[in-house]
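# Notes for the structure review
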2 protein chains.
Amino acid sequence: MQIVSLTKDISLKRPLEMGNAEQLNTVKKVLADVKKRGDQAVADYSEKWDGVKLSEFRVSNNEIQEALANFDSELKTDMEEAANNIRKFHEMQKRSSYDVDVKDGSFIGQRVSPLDAVGLYVPGGSAAYPSSVLMNVIPAQVAGVERIVIVSPPNEKGALPDAVLVAASILGIEEIYKVGGAQAIAALAYGTESIAPVDKITGPGNVFVALAKREVFGEVAIDMIAGPSEIAIIADETAYADEVAADLLSQAEHDPMACPILLTTSDLFAQKVAVEVEKQLLKLPREKIARAAVEKFGKIYVAETMTDIIEAVNKLAPEHLEIMTINPHEVAQKVRHAGAIFIGRYSSEPIGDYFAGTNHVLPTNSTARFSSPLSVDDFIKKTSIIYYTEETWQQHAAKVARLARMEGLEAHARAVESRGWTKGMNQS
Amino acid sequence: MQIVSLTKDISLKRPLEMGNAEQLNTVKKVLADVKKRGDQAVADYSEKWDGVKLSEFRVSNNEIQEALANFDSELKTDMEEAANNIRKFHEMQKRSSYDVDVKDGSFIGQRVSPLDAVGLYVPGGSAAYPSSVLMNVIPAQVAGVERIVIVSPPNEKGALPDAVLVAASILGIEEIYKVGGAQAIAALAYGTESIAPVDKITGPGNVFVALAKREVFGEVAIDMIAGPSEIAIIADETAYADEVAADLLSQAEHDPMACPILLTTSDLFAQKVAVEVEKQLLKLPREKIARAAVEKFGKIYVAETMTDIIEAVNKLAPEHLEIMTINPHEVAQKVRHAGAIFIGRYSSEPIGDYFAGTNHVLPTNSTARFSSPLSVDDFIKKTSIIYYTEETWQQHAAKVARLARMEGLEAHARAVESRGWTKGMNQS
């Protein structure tokens, strides 16, 4: 891992993989086709890309029961404990509607209500991601969303991984479709004969899924399109090089485009971590991916002072930030921009990915300057309410009309005045 | 105004004006040029498009004082009262950070903090929009944003309208630049020698501004790209046809693409409103714009039952909804999707545009199904905090490692286990 001096032009930015024109054309074609032909188009694309001919997209209760029967009970207990932690953390994000009384019975208010229906895309392929199920479904449930749908590409046997079905079952989710790719996004956005449309689609996917989400945005809401993972670690000489190296590699193994960086005030510590990274890399099952990330985007920055490091981190606004210094809580107070901050030696990043209760869907690519972790807020919407009585209208109508005329909007002024017309006021 | 029977295929959707390829190319060129040449490029484009050669972009204190001196004092008082109402309503949206205690001193938390800097685009041209200043700046101030910048295109004399400067002054905003168009968006996104960059850009603008906002999205945050205005009115025979017509026209005068619709159970009332709309249209200063909207997108829907109307409105999710029926509060309870609901005869829509206190930046084009009015939430962001002690780590490390291995992420498992390596645990 390369060791360099910290300079002002530090950046996390990597090119976003947003697909090429050919991929976009394919996605547009799939979307239009599913919109037109519904289930038949979904079946055709599933056969073409997932290699399975499905007569029924929906996962049956039998399949769920089988998955539960097959599943390791210790792992199931772990998932249940994680789900409880996640639920407890997200419960604190619930919002209430409110009214502001104006006078004479008049009021204005904000009504908070859950979205009607949301769809979660769970990626398939070689691995299963039950943690995605927990992290996306629980905030929607806490928000009060009535209909929560999961879509995920089936394996060559036409099945979903047990772990995904068990996670869904723990949360009481029963509407699960064995459909993936752009055709799944199309089905969720437009609806088909067997899959009713939703209002928002969340969850990660491959480039076709990301492109399809972008295309249907506006028709439905989508979550952020997440970039490759990042971790920044602030460490001084009180930290342990092998632990810091292990945490850097935990993010590096995600993606060849992942960005693992260390910022330290100690030259000696920097060298120790570089040695440890190489040592641990050699023993990793996903060595190739992790090595690509480390070599291309990984860096150890050595700075003169902790103040310089904090300034750099606030510029980077990393997705994950670990602080392993003698005074980690103090440093955390000074960091203004990060998706999630892991304080101290024992708060290793994977604890947040799987278990602690915070959400693992976090803003990447320096967007933590203005974006937030996935939360209950992403599954509610607000409606303004205005109720004026005759008395309140009477008191303020002339002011509203004046303000409207100042902006050249005469019809606005007349609308508010019109309530006096039958009383002979201000007839235009 | 056309009268039709309410049917299931009712829709508000109109084509979004997103510009043509030539306009997009122009915008891309401006963005790249401002990024490269900074102030000089901004000055060049201002001269080209606004017809003014500016030596200084920033509005001087003198200019603000002059605007205040020139301004109608009654209007200023109206604006101050509106600002107070808006502030009072938005204060209720403030969020607090929270922690959830885990055990042994461990905790996880959500920190809520304001964005560092935001920029508001105020459109110029023939009219002045001080209400945009109030509606965008106040939520940012309530959120606690430290730096709030206004940009707006100057008139041919190189000045901004008094009303905009007075509105800014009422709110204590002093950083105002006489810059408009795509060059203003570029300056806010990338920064120039004289304009420091911001983290989020809000506010409406013409097609070049909208395109520029889309292009810089990701680099900075943007608010929604609002479509043309909409109003849906639910009225029964207890409503007044002239008042309903006046309110329909208040939105029609905004834009030839605006969509004013009435839904009623009374055939006779429908006919009365149609007559009134025509009568009032003839006397409107902006008749041409309003007539285009009424003829192209305006409709009066006659339904069998109020239940059918409510179902239709929930499908439309209109930006503005007025309810003028015998039981407006009851009907409002049954509406799930709308940007803002105006209840009863005296809650004419312009009251919400200018004065009541709710925000007038609202979701259009049926997006109220999943989007919300502009609020304090748009100017804050959240950061997750995780702090585990050694005891808590010890208790849960094995679970986290198991969950990570279930997803095939060995380096994640090793990271969390690494804290035990010096104690001889689990060395891989």
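Residues numbered from 1 in each chain as written. Chains lettered and ligands numbered in written order. Predicted model: local features only at pLDDT ≥ 70, side-chain atom pairs only at ≥ 80, totals over all residues. Heavy atoms only, no water.

A separate point is the domain arrangement of chain A. Partitioning chain A into domains gives domain 1 (3-16 + 227-356), domain 2 (21-94 + 115-222) and domain 3 (388-423). The C-alpha centroid of domain 3 of chain A is placed 50 Å from the C-alpha centroid of domain 2 of chain A. (Domains from an automatic or database assignment.)

Let us now look at the packing of helix H4 (residues 73-91) of chain A against helix H5 (residues 130-143) of chain A. All names here are of chain A. Contact geometry for H4 and H5: axes closest at 9 Å, N-to-C directions at 35°. The two elements H4 and H5 cross, and the hand of that crossing is right-handed. Contacts from Met79, Ala82, Ala83, Ile86, Arg87, His90 and Glu91 in H4 reach Pro130, Leu134, Met135, Ile138, Pro139, Gln141 and Val142 in H5. Its residues assigned to classes, the contact of H4 with H5 comprises ten nonpolar, two polar and two charged. (Axes fitted to C-alpha atoms, helices over the stretch in contact; angles between N-to-C directions. Helix = DSSP H or I, 4+ residues; strand = E, 2+ residues; numbered from the N terminus. Left-handed = near helix turned anticlockwise from the far one by under 90°. Contact = heavy atoms within 4.5 Å. Nonpolar A, V, L, I, M, F, W, Y, C, P; charged D, E, K, R; others polar.)

Look at the two chain copies: a rotation about an axis and a shift along it is all it takes to match them. Superposing chain B onto chain A takes a rotation of 180° plus a shift of 0.0 Å along the axis, which leaves an RMSD of 0.0 Å. Expressed as an axis order, the relation between the two copies is that of a two-fold axis. Most of the interface of chain B is mirrored in chain A, where 99% of its interface residues again form contacts. (Least-squares fit on C-alpha atoms with pLDDT ≥ 70 in both.)

Excluding glycine, residues mostly have negative phi values, and the peptide bonds linking residues are mostly trans. Notably, Asp104(A) is not glycine yet its phi reads approximately 55°, a positive angle. In this fold, Asp104(A) is placed in the loop between strand E2 (98-103) and strand E3 (106-114).

Residue and element names in this part refer to chain A. With numbering aligned to this structure, UniProt lists the feature "binding site: NAD(+)" (unreviewed entry) at Tyr121, Gln183 and Asn206. What stands out for the annotated residues spanning 86 residues is how close their C-alpha atoms remain, the widest pair being 12.7 Å apart. Residue Tyr121 is classed as buried on the basis of its relative accessible area of 3%. What Tyr121 contacts, discounting residues up to four positions off in sequence, is Val151, Pro153, Gly180, Gly181, Ala184, Ile185, Thr202, Gly203, Pro204, Gly205 and Val209. Here the side chain of Tyr121 touches Gly181 through a polar contact of 2.8 Å, landing on its backbone nitrogen. (UniProt positions renumbered as here; feature names shortened; annotations may be inferred. Buried < 20%, exposed > 50% of the residue type's maximum accessible area, 1.4 Å probe, protein only. Polar contact = N/O pair within 3.5 Å; in protein donor to acceptor, adjacent residues only side chain to side chain.)

Two measures define how a pair of helices packs: the angle their axes make with one another and the distance between the axes. All names here are of chain A. As a packed pair, helix H3 (residues 61-70) and helix H6 (residues 162-171) sit with axes 9 Å apart at the nearest point and diverge in direction by 105°. As the angle between them shows, H3 and H6 are arranged roughly perpendicular. Residues Glu63, Ile64, Ala67, Leu68 and Asn70 of H3 lie in contact with H6, whose contacting residues are Asp162, Leu165, Val166 and Ser169. Considering only residue class, the contact of H3 with H6 consists of five nonpolar, two polar and two charged. (Parallel < 35°, antiparallel > 145°, perpendicular 65-115°, else oblique.)

Residues and elements named next belong to chain B. Sheet topology places strand E2 (residues 98-103) next to strand E3 (residues 106-114); five bridges connect them, and they run antiparallel. Bridge pairing in E3 links Tyr98 to Gln110. Here E2 folds back onto E3, and the loop between the two strands holds two residues, one of which, Asp104, carries a positive phi near 55°. (Pairing = 2+ DSSP bridges.)

All names here are of chain A. Judged by pairing direction, the sheet is parallel, and its five strands sit side by side in the order E6-E5-E4-E7-E8 without closing on themselves. Only two strands of the sheet have a single partner each, and these edge strands are strand E6 (175-177) and strand E8 (221-222). Bridge count between strand E4 (residues 117-121) and strand E7 (residues 200-202): three bridges; the pairing is parallel. Looking at E7, one finds that Val118 is bridged to Lys200.

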